[in-house]
Amino acid sequence: MGAGKILVIIGAILTLVSTFFLSFFAAGGSDYGSGIGFVFNIPDIMANPGDYVAGETMTVYIVAIVFIVFLISGVLQLIGLASRVFAIIGSIIVIGVGVTILLAILDVFPDMTAYRNLLVGDAIADGIWPFDLALGDVSLGTYTLLAGGALGLIGGIIGTSDF
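Here is a short report on the structure shown in this document. Fair warning: this is a prediction, and the values are worked out from it, not measured in the lab.

1. A closer look at the packing of helix α5 (residues 84-105) against helix α6 (residues 140-158)
Link 1 in the chain: Packing of α5 against α6 leaves a shortest axis separation of 8 Å and a crossing angle of 155°. Here α6 runs roughly antiparallel to α5, going by the angle between their axes. For the pair α5 and α6, the crossing hand works out as left-handed. Residues R84, A87, I88, S91, I92, V94, I95, G98, V99, I101, L102 and I105 of α5 pack against T142, L145, L146, G149, A150, G152, L153, G156, I157 and I158 of α6.
Link 2 in the chain: Along the lines of polarity and charge, the residues of the contact of α5 with α6 split into 15 nonpolar, 6 polar and 1 charged.

Listed below in structure tokens is the structure:
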């Protein structure tokens, strides 16, 4: 098995674990920002987008669609084992959303901070799922998400052929 293929597999696994099992940030109490929190918020976001960001209905829909594509980016990375284009595209999506989450958490772009609320949901099992290991304002899930995207991108660039 080639080095690119191994990097894509590791990157995809990191992406999927980060998205669905780790939190990106703690929002207070038993609320965490995570991919699984977003999954449970999708029906409410589509029905009541104004509850998340006042006066920005269309923008909330667009950001929600980007996050929905982000949810499947780990699978895109795995599909990238057969075609490296999918590994590169999936990784670019992960890196883009990961950097955006990081910048929103750190209040670098204050206008984007309200959109992080789309990811916030109650913990399914507080302290267990999503797992939150706070490293300052940002949690472990954000860093592993970025690492998964970077590994997948490097693996996709190297190539996934076995010879």
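After that view of the structure, there is still more to cover.
2. Regarding the sheet that holds strand β1 (residues 25-28)
Link 1 in the chain: One open sheet accounts for 3 strands, arranged β1-β2-β3; its pairing is antiparallel. The open sheet has two free edges, formed respectively by β1 and β3 (120-122), since each of these has just one partner strand. The average angle at which neighbouring strand axes cross in this sheet is 35°, direction not considered.

Rules and cut-offs
Residues numbered from 1 in each chain as written. Predicted model: local features only at pLDDT ≥ 70, side-chain atom pairs only at ≥ 80, totals over all residues. Heavy atoms only, no water. Axes fitted to C-alpha atoms, helices over the stretch in contact; angles between N-to-C directions. Helix = DSSP H or I, 4+ residues; strand = E, 2+ residues; numbered from the N terminus. Parallel < 35°, antiparallel > 145°, perpendicular 65-115°, else oblique. Left-handed = near helix turned anticlockwise from the far one by under 90°. Contact = heavy atoms within 4.5 Å. Nonpolar A, V, L, I, M, F, W, Y, C, P; charged D, E, K, R; others polar. Pairing = 2+ DSSP bridges.

Function cannot be inferred from these measures alone, as they are strictly geometric.
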